[in-house]
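Coordinate analysis (summary)
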Amino acid sequence: MVVMKKSTLSMADVLQEYDQLREGHVTAAAFWDVVVLTTSDAAQQQVYELAINNKLKLKELPTSARYHVIHDPPGAKIGSGGSTMYTLSKLIEVEPQWKTQKILLMHAGGSSQRLPSASVLGKAFTTIPIGNRIYTMFDVKLALLMPFAEKLPPGVFICCPDTFETFTFGNNTDWNFEKRRGFLALAHPSPMEIGTGHGVFVLSDRNSKLDTEVLTCSKVLQKPTKRMMRDEGAVLHPSEIPDSFRMSAATSQEWVFTDSNYFFDHSISHKLLQFFEENKPITGEICAYGDFLQPLGSEADDAYINNCKNIMTMSPGLLTIRRKVYDMLKGNPLNVIALKQSKFYHIGTLKEYIENFCSNDELREELGLSRFCYSAFASPSSTRVPHSFGEGASVLHSLITSTCSFSPCSVVEYCKFTADVTIQANCVISNCEYTGNGSCRPLLIPENTFMQTVPVFSPSGEPMYVTLVFGINDDMKAKVSSLPNVSSISYFDRSLTSVLKQPFTDLTDLFGHGNPYSLWHAKLFPLSANAQSSFLTALSSLHDLIAPSKRGLSANASSSRVMTPGCSNNNCITHLSNGSGPHLCKASAEPNTDGRNTNGSIVDVVSLNGSTNGGHDSTNGKLAAHNTCANHVVAVNGNGKVHPVLYSIADVIKYKDAKSMIDGRNELSVRIKDALLPDISK
C-alpha cells in the first residue's frame, strides 16, 4: 500500500501515485468510489463508454472505482446544472449505496468546436504528453483531484475535463471538510482580468501566512466587472499574493480568488434530487456554477436572476426556474479552499492546446510534460531524434522516421510518418499517415494548419476515411444568418466563397439542407478508402489553396466543392454516366476498358440506398467510369453530373467509426511499445 505524501505534495507526486493506483497498489480509500462522465447525447455516450472500456482493458484506469457515462435527455438543452440533477437521478438507480459514496461528476459533453482534435473521441480523451503510459485529460483530472478525495466526506465533486488545476497545500496540509456541511469550492489566485470571465469569491478572515486554508465565502460574483470586484471587496491585499506570482510580470495587476471545481455533500444531493423530481422535465439551461453557487453565502442576493448577459439561449420559463433554484439553495453555506499556491490552466482551444503543450514552461515543469512522449522511430536501427526538431515541438504516441522535421509550436499525435514529412510552426497534426509507398518525395505541412484523419462510415455504411483540414485561427462556431453572408465566413484567413473558382448554383448544397451556415457544417472534405490517400488528398488541396498560382480547389461548380482531390498521380475525379440514380463509386486505380482496374478488381459502384450495379452503366452494360479517382468516393446527381461525396466536420462526428479509431491507436501503441524514444524534455 502506498500513502499519499502529505508534507511535500507536488504534482509529480500525485501523478506517480495515480500510476501506482492504475497498477492496483493503492487502496480504494485513496480514490473516488464512483466516477461519472456526462455527455450531450446517446451517440457521445457510446464513444465514451468505448474509450473507458478500452482503458480499463489496458489497465489505464484505477479499477477501484466504478465508472458510468450518462447522457443528457433528448430535446432542449438543460445546461450543466440541469445535467447535474438529471445525472444524479439516473445514478441513484444504479448505485443504491450512493449516500455513502464519494462521487466525481465530470461534465464532459459538447462538440469541442474550438478544439476540433477532441471532437471525435471527446475532450476528456485528448492525449497529454506525460511519461511512457497513456495519459488523457481524463487521467490527469483524476490524478490531480486525488488529494481531495482523501479529505472529503461522501458527496459529489463537480469538475470539467478541459481544465488543469495545479497546486500544493504548502504549510497547511491538515485541512479537511469532515465536520462542515454544504458546498466547498476550490479557489485560485488570478489576475482581475481572469476574474471577469469566471466566478469570483468574496472571502473574509483570510490568513495571509497560510498557503492553504478553508474560508467562509459571503458571496459569489459570476463574471463580474472590475468595478464590481472592487466594490464587493473581492480584491486581494498585496501581502496575500504568493511569492511565485510576485515574480511574474502580472504583479502590478489586482488579484482575486477565482473558481474551478467544487464539492457538495449528500444533503445537497438530496435537495437537488427532490427539486428535479418536482420540476422535471427541465426545459431551460441551468448553470452548475452561475445558478448553483450565486445563491450561496450570507451576502447572496437574487439580483443576478434577471441578468441575462451570460445566458446563451433564453427559453420560456428560464427565469422562473432560476428563481426556484435560488429559493432552494439560498441560505446554504459556501466554504472555499483558498489554494494560494495554485494555478489554473484551460485547454479548450487549439491555441491553448499548442501554447500549453509546447511553450508553457511552468506547466511543463509542474506536470513533467515531454517533448517526445511514447513515440518511436520507424526503423529500429535509428537511435537519434529527428534531424530538425524545433524548440517547443511536441510529438506524442507517434511512429516517425528520423528524417522528419518539426518546427516550433507544432503538435503531432497518433501519426505514422515512415517517410519524410516537414511540419511548419503552429500546427496540430492528429491521426495522419504517410508511408511514402517507396517514393522519396517529402511532404510539407504549412504553418498554422490543423489536420486530423478520421475513420468514418459512408452514407451507405462502408468504412472510409476523411481528413479534416482547418486553419488554426478558423472560427468553427461563427455562423451567418443568410447565404449572401457566407462570404464573411473565414477559411484559412480567406473568404470561404473565394476559395471556390466558380460560385455554386445553390450554396445550400455546401452546408446541407437545414444546417446552420457555418464552417462547422461546410461540406469540404472527400471520403477516401484508406487513411494515407485521405491525408494526401487533403494536403494537396491545402497546397492549392495557399498557392493561388496553382490549380484552384474547385474546378467545376456543378460537380465538386471545395476540397476536391488533386488531379496528379491518377487522383482525378471519377466520372459516371447517368444511371438509375445517385451512386457512390470507389476505385483504387484507373480502370481498363474491360471494366476492371489495373490491379484486376472490378470498380464497385454502390447506391446511396445500399444497392449495387457492379460498376456498369444500366443502359449498355459497360463500365461507366473513366479518369478514376484513386481511392475516393464520388456521387452522381440526377443530371449525370459527378461530384465527390463530401463531409463537414459535423458529418464526420455523426458518421465517425470511433471503435476503428481507438483500435488503430492501440495497434500503433503496440508497435511503439518496444522501441520508445528517449525522453528529451530535460
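Summarised in this report is the structure supplied together with it. Everything numeric here is computed off the predicted structure, so don't read it as measured data.

Overview of the pattern of salt bridges
What the rule picks out here adds up to 21 salt bridges. A salt bridge links arginine 22 to aspartate 139; the nearest nitrogen and oxygen atoms lie 3.5 Å apart. Linking arginine 22 in helix α1 (residues 11-22) with aspartate 139 in helix α4 (residues 137-144), this pair joins segments that are 117 residues apart in sequence. With respect to class, arginine 22 is no different from aspartate 139; both count as buried. Taking the shortest distance from any N to any O, the salt bridge between lysine 659 and aspartate 663 comes out at 2.8 Å. Placement of the pair is lysine 659 and aspartate 663 together in helix α17 (residues 658-673), with a separation of 4 residues, close to one helical turn. In the salt-bridge network here, residues are joined through shared partners; they are Asp19, Arg22, Lys55, Glu60 and Asp139.

Points about the sheet that holds strand β18 (residues 399-400)
Two strands in a sheet stick together by hydrogen bonds in their backbones, pointing the same way (parallel) or opposite ways (antiparallel). Across the sheet, 4 strands lie side by side as β15-β18-β21-β24; this open sheet has parallel pairing. Only two strands of the sheet have a single neighbouring strand rather than two, namely β15 (376-377) and β24 (433-434). Sheet topology note: the strand β21 (residues 416-417)/β24 ladder contains 2 bridges and is parallel. Along β24, the bridge assignment pairs phenylalanine 417 with tyrosine 434.

Description of the sheet that holds strand β27 (residues 463-471)
One open sheet holds the 6 strands; their spatial order is β14-β17-β20-β23-β26-β27, and the pairing between them is mixed. Each of the sheet's edge strands pairs with one partner strand only, and the pair in question is β14 (372-373) and β27. In this sheet, strand β26 (residues 449-457) lies alongside strand β23 (residues 427-430) in parallel orientation, the contact comprising 3 bridges. Each residue of the ladder has a partner; that of serine 430, found in β26, is glutamine 452. Contacts between helix α12 (residues 350-359) and the sheet are confined to β17 (394-396), β20 (410-413), β23 and β26, with β20 contributing the most and set at about 90 degrees to the helix. Sheet contacts for α17: β20, β23 and β26; angle to β26, the most-contacted strand, approximately 115 degrees.

A look at the packing of helix α9 (residues 266-279) against helix α11 (residues 318-329)
Interaxial distance between α9 and α11 falls to 11 Å at its minimum, and their mutual angle equals 150 degrees. Of the possible angle classes, the one that applies to α9 and α11 is roughly antiparallel. The hand of the α9/α11 crossing is right-handed. Between α9, through Lys271, Leu272, Phe275 and Asn279, and α11, the contact on the second element is made entirely by Ile321, Lys324, Val325 and Met328. Residues of the contact of α9 with α11, tallied by class, amount to 5 nonpolar, 1 polar and 2 charged.

So, the packing of aromatic side chains
How two aromatic rings sit relative to each other is set out by the distance from centre to centre and by the angle between their planes. In the structure shown here, the tally under the stated rule is 22 aromatic pairs. Relative to tyrosine 289, the ring of tyrosine 262 has its centre 5.4 Å away and its plane inclined at 90 degrees; by these criteria the two rings are edge-to-face. Here the residue tyrosine 262 occupies a position in strand β11 (residues 255-265), and tyrosine 289 occupies one in the loop between α9 and α10 (290-293), the gap between them amounting to 27 residues. For the pair shown, tyrosine 262 and tyrosine 289 are each scored as buried. Considering the side-chain rings of phenylalanine 470 and phenylalanine 525, the 5.3 Å spacing of their centres and the 80 degrees angle between planes classify their relative orientation as edge-to-face. Residue phenylalanine 470 is located in strand β27, and its partner phenylalanine 525 is located in strand β32 (residues 525-526); the two are separated by 55 residues in the primary sequence. Exposure class is identical for phenylalanine 470 and phenylalanine 525. Each is buried. Put simply, the rings of Trp32, Phe148, Phe157, Phe167 and Phe169 touch in pairs and so form one group of aromatic residues. A cation over a ring is seen here: arginine 22 above tyrosine 135, with NZ or CZ 4.5 Å from the ring centre.

As for a positive patch on the surface
On the surface, a cluster of positive charge is made up of Lys77, Arg114, Lys477 and Lys479. Position of lysine 477 relative to the elements: it lies in the loop between β27 and β28 (479-480). Classification of lysine 477 as partly exposed rests on a relative accessible area of 46%.

About the cut-offs
Residues numbered from 1 in each chain as written. Predicted model: local features only at pLDDT ≥ 70, side-chain atom pairs only at ≥ 80, totals over all residues. Heavy atoms only, no water. Salt bridge = Lys/Arg side-chain N within 4 Å of Asp/Glu carboxyl O. Helix = DSSP H or I, 4+ residues; strand = E, 2+ residues; numbered from the N terminus. Buried < 20%, exposed > 50% of the residue type's maximum accessible area, 1.4 Å probe, protein only. Pairing = 2+ DSSP bridges. Contact = heavy atoms within 4.5 Å. Axes fitted to C-alpha atoms, helices over the stretch in contact; angles between N-to-C directions. Parallel < 35°, antiparallel > 145°, perpendicular 65-115°, else oblique. Left-handed = near helix turned anticlockwise from the far one by under 90°. Nonpolar A, V, L, I, M, F, W, Y, C, P; charged D, E, K, R; others polar. Phe/Tyr/Trp six-rings, centres within 6.5 Å; stacked < 30°, edge-to-face > 60°. Lys NZ or Arg CZ within 6 Å of the ring centre and 35° of its normal. Patch = residues over 30% accessible without salt bridge, like charges linked within 9 Å, V, L, I, M, F, W, Y side chains within 5 Å. Areas by Shrake-Rupley, 256 points an atom, 1.4 Å probe, with all protein chains shown as cover. Lys, Arg positive; Asp, Glu negative; His and termini not counted. Charge placed at Lys NZ, Arg CZ, Asp CG, Glu CD.

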